[in-house]
Each structure stands twice: as structure tokens, then as C-alpha cells.
Amino acid sequence: MANERTLSIIKPDAVAKNVIGGIFSMIEAADLKVVATRMIHLTEDQAKAFYAVHRERPFYNDLVSFMTAGPVVVSVLEGQDAIAKYRKVMGATNPAQADNGTIRKAFAENIERNAVHGSDAPETAAMEVAFFFPESEIRSR
Ligand code: ADP
Ligand code: MG
């Protein structure tokens, strides 16, 4: 298992519910470290660019509206097997299918308003981390 970095976004629905701490607790309980974090309000251009891979999907415009509706918390997580591990802690995209004990089971409302984002592979993790954080803002420890 490699020591990896992955990008987490606590989405506007979860920030509005005031569960940032609850989500960080679940991240830390899984032995992942927050090595960079910042609260931001995504612009439409940022949200469109971040989710460009989904631009042909029917939910793309709604997703961009949702992701720009309020502040988000972007973080870099680090740890052994961090990419797959965080996906497991997040749970299934549709919270109706998410396992007990996952972030989405605990906090997500529906398949769109699903509390968190996490990178899905080493290549996307590297791109997504760099999208929000210069190396100088990441504190590996
Ligand atoms: P994940 O976030 O689990 O990696 P995807 O990459 O497939 O899921 O989708 C990106 C985001 O787009 C989801 O987290 C969710 O907010 C939204 N989304 C995905 N599928 C749908 C859908 N069928 N209807 C509405 N929104 C969706
Ligand atoms: Mg995805």
C-alpha cells in the first residue's frame, strides 16, 4: 500500500448542515490526515472546470448550480491507500446504497446532494489536489 494524497470536498449541503467536524472526525477515525484545508465558495467557472469530465451527463448543469450554491471545504488527505480508503469512508454515490458507518449514509440527502467528493484514481487525485492547492500549502506529516 502506497502513501497517497487525495482531494476531499465537503459539499455545500454538508457545510450548510454544520457537519464539517463530523466529517473530519470520520476522516481521522479512518487514519487519514488532513494535510491542507480551506473554505471557499466555488465560482461557476471553477465548478464547471472541476467537473468537466461530467459535462455530457444530464446532471451536469444541476451539479454546477449545487456546487456553487454555498461554501465548500476543500482538503488534501494523506495516508496509506488514501484514495481507495477515502472512497470507502465516503460510501456509494447514492446515499440510499451507502453502507452503514459511511459519510454519505450519515449526512447525504440524495444522489446529487451527497455531502462529499473524493478523487477516484491516482491520476485524478493528482490533478484535483493541484486544482486547489500549490505544493507549498500542503503539510505532509
Ligand atoms: P462520485 O462523487 O461518487 O465520484 P460521480 O463522479 O459519478 O460520483 O458524480 C459526481 C457527482 O455528480 C456526484 O457526487 C453527485 O453529486 C452528482 N451526481 C452523480 N450522479 C448523479 C445523478 N444520477 N443525478 C444527479 N447528480 C448526480
Ligand atoms: Mg467522481
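Attention in this report is confined to the structure presented alongside it. (Residues numbered from 1 in each chain as written. Chains lettered and ligands numbered in written order. Predicted model: local features only at pLDDT ≥ 70, side-chain atom pairs only at ≥ 80, totals over all residues. Heavy atoms only, no water.)

What to know about the pairing of strand β1 (residues 3-10)
Item 1. By the criterion of burial, β1 is predominantly enclosed, with 6 of the 8 residues buried.
Item 2. In the sheet, β1 pairs with strand β3 (residues 72-80) via 8 bridges, with the strands oriented antiparallel. The residue bridging T6 from the neighbouring strand is L77, located in β3.
Item 3. In terms of strand pairing, β1 meets strand β4 (residues 116-118) through 3 bridges, oriented antiparallel. What sits directly across from I10, in β4, is V116. (Buried < 20%, exposed > 50% of the residue type's maximum accessible area, 1.4 Å probe, protein only. Helix = DSSP H or I, 4+ residues; strand = E, 2+ residues; numbered from the N terminus. Pairing = 2+ DSSP bridges.)

Remarks on the pattern of salt bridges
Item 1. Per the stated rule, a full pass over the model turns up 6 salt bridges.
Item 2. Between E109 and K17 there is a salt bridge; the shortest N-O distance is 3.7 Å. Note that E109 is positioned in the loop between α6 (103-107) and β4 and K17 in the loop between α1 (12-16) and α2 (20-29), a separation of 92 residues in sequence.
Item 3. Accessibility expressed as a relative area gives 35% for K17, which makes it partly exposed.
Item 4. In this structure, E44 engages K48 in a salt bridge whose closest nitrogen and oxygen atoms are separated by 3.0 Å. Residue E44 and its partner K48 are located together in helix α3 (residues 44-50), separated by 4 residues, close to a single helical turn.
Item 5. The network of salt bridges with common partners includes R5, E78 and E135. (Salt bridge = Lys/Arg side-chain N within 4 Å of Asp/Glu carboxyl O.)

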